[in-house]
Amino acid sequence: MTASPLPSFAGSVVHIDGFMMTFAKRPVIDGLSFDVMRGETFGFLGSNGSGKTTTIRALLGIYQATAGTLHIDGRPFSPDNGVRLGYLPEERGLYKKESVLDEMVYFGRLKGLTHDTARRWSLDFLERVEMAEYAATRVDRLSSGQQQKVQLGVTILNNPELLILDEPTKGFDPVNRRLLMDILDDEKRRGTTVMMVTHQMDEVERLCDRIVLLKDGRAEAYGTVTEVQDRYGGTTIRVRYAGVIPDSPRYTVILRERNYAELAPAGDTAPADILKVLVDAGVAVNEFTTNRRSLDEIFLMVYGDESAKAVR
């Protein structure tokens, strides 16, 4: 009788426990553990060189882990282990001298679709991403953003149960970033589990149910977006004003620009107390809003200048 796979955390599609990876005796990942739950969109975040791509490659069996458990659907990944997987790598993997449509149909056939099904799906996708006129164009004659659209189409054309996206908006302008977000929204409504690596924190706040922040090969923070925001100070007060924001023990000035400032309350100071300080100091307050600290701000707090490191 064939042994059953080791059980993963209940409800998880991706289960990583005690993962360690060493290159040339240098630890890159050190005891990393997290789960990606079925049907959620999960953000895998960190500065350049923190080990995100290394983790994904180990999860997919491209690298052999030094230690630990990396499972998809309860077992080490292999192409025939049951889950339909779509993987969008940071580096494109397209044949540059083929036409767009021939390329997509070819990958569709590799993923088990008939020629007609793959062709029909590809034409519908190209229409959706406003590339129908490029169906017969060679891939190497497309712009960077257009090639990324083709790569995305190849990734999702078999209706994957699990999508792993490494910097999916690379090369996209704001309009095409919005288009990608809409496509991911559709995938999520279909029940797809999405694990995405990105430096676009606004995308993470809008799309992701939970996140892990990776630093020096360890999980710096792990939980829902709100839980991580609360861990790092929670509240930010944003003020549009005329005058001069005074220094005060009741808050720290995080950002001060002309007529705009962001303040972090000290301790248990209530927003109303901060507003009183400003008004008493003669500041003309035109707008006063309380928000959780953005993931952009948290990213800068956690990683600082590390984002300038080379990507592993």
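Just so it is clear, the model here is predicted, and its values are computed rather than measured. (Residues numbered from 1 in each chain as written. Predicted model: local features only at pLDDT ≥ 70, side-chain atom pairs only at ≥ 80, totals over all residues. Heavy atoms only, no water.)

### Here's the deal with the sheet that holds strand β4 (residues 67-72)
Here's step 1: Strand order across the open sheet formed by 3 strands is β2-β1-β4, with antiparallel pairing between neighbours. Unpaired on one side and paired on the other, β2 (26-37) and β4 mark the two borders of the sheet. With direction set aside, neighbouring strand axes in the sheet form an average angle of 15 degrees.
Here's step 2: The pairing of strand β1 (residues 12-23) with β4 spans 5 bridges and is antiparallel. Looking at β4, one finds that histidine 15 is bridged to histidine 71.
Here's step 3: Along the sheet face, helix α1 (residues 52-59) touches β1, β2 and β4 and points at about 115 degrees away from the line of β1. (Pairing = 2+ DSSP bridges. Helix = DSSP H or I, 4+ residues; strand = E, 2+ residues; numbered from the N terminus. Axes fitted to C-alpha atoms, helices over the stretch in contact; angles between N-to-C directions. Contact = heavy atoms within 4.5 Å.)

### Concerning the pairing of strand β6 (residues 162-166)
Here's step 1: Of all the 5 residues making up β6, 5 are buried; the element is thus mostly covered by neighbouring parts of the structure.
Here's step 2: In this sheet, β6 lies alongside strand β5 (residues 85-88) in parallel orientation, the contact comprising 4 bridges. In the strand pairing of β6, tyrosine 87 is matched with isoleucine 164.
Here's step 3: Relative to strand β7 (residues 193-197), β6 runs parallel, the two sharing 5 bridges. Residue pairing in the sheet places leucine 165 in a bridge with methionine 196 of β7.
Here's step 4: The β-α-β motif built from β6, the intervening helix α5 (residues 174-189) and the parallel element β7 has right-handed crossover chirality. (Buried < 20%, exposed > 50% of the residue type's maximum accessible area, 1.4 Å probe, protein only. Right-handed = clockwise from strand over helix to strand, strands pointing away.)

### Topic: the side chain of serine 50
Here's step 1: On the secondary structure map, serine 50 appears in the loop between β3 (41-46) and α1.
Here's step 2: Among residues more than four places away in sequence, those in contact with serine 50 are Val28, Ile29, Leu214 and Gly217.

### A short note on the packing of aromatic side chains
Here's step 1: The tally for this structure, following the rule as stated, stands at 9 aromatic pairs.
Here's step 2: Ring geometry for phenylalanine 34 against phenylalanine 44: centres 5.3 Å apart, planes inclined by 40 degrees, an arrangement best described as tilted. Here phenylalanine 34 is found in strand β2, whereas its partner phenylalanine 44 is found in strand β3, with 10 residues between them in sequence.
Here's step 3: For phenylalanine 34, a relative accessible area of 1% corresponds to the buried category.
Here's step 4: Judged by relative accessible area, which is 0%, phenylalanine 44 ranks as buried.
Here's step 5: Geometrically, the ring pair formed by tyrosine 106 and phenylalanine 107 is edge-to-face, given 5.4 Å between the ring centres and 75 degrees between the ring planes. (Phe/Tyr/Trp six-rings, centres within 6.5 Å; stacked < 30°, edge-to-face > 60°.)

### Topic: helix α9 (residues 295-303)
Here's step 1: By the burial criterion, the buried members of α9 are Leu295, Glu297, Ile298, Phe299, Val302 and Tyr303.
Here's step 2: Positive phi appears at glycine 304, one or two residues downstream of α9, with a value of about 55 degrees.

### Some details on the confidence of the model for the protein
For residues with low pLDDT, the predicted coordinates do not support detailed interpretation.
Here's step 1: On average, residues of the protein score 88 in pLDDT, and 93% of them reach the 70 mark or higher.
Here's step 2: When pLDDT is averaged over each helix and strand of the protein, the minimum, 83, is found for α9 and the maximum, 96, for helix α3 (residues 115-128).
Here's step 3: Confidence drops under a pLDDT of 50 for residues 1-8, and excluding neighbours within four residues, the segment shows 7 contacts in the predicted structure.
Here's step 4: In the model, residues 307-312 has pLDDT below 50 throughout and makes 15 contacts with residues more than four positions away in sequence or in other chains. (pLDDT = per-residue confidence, 0-100.)

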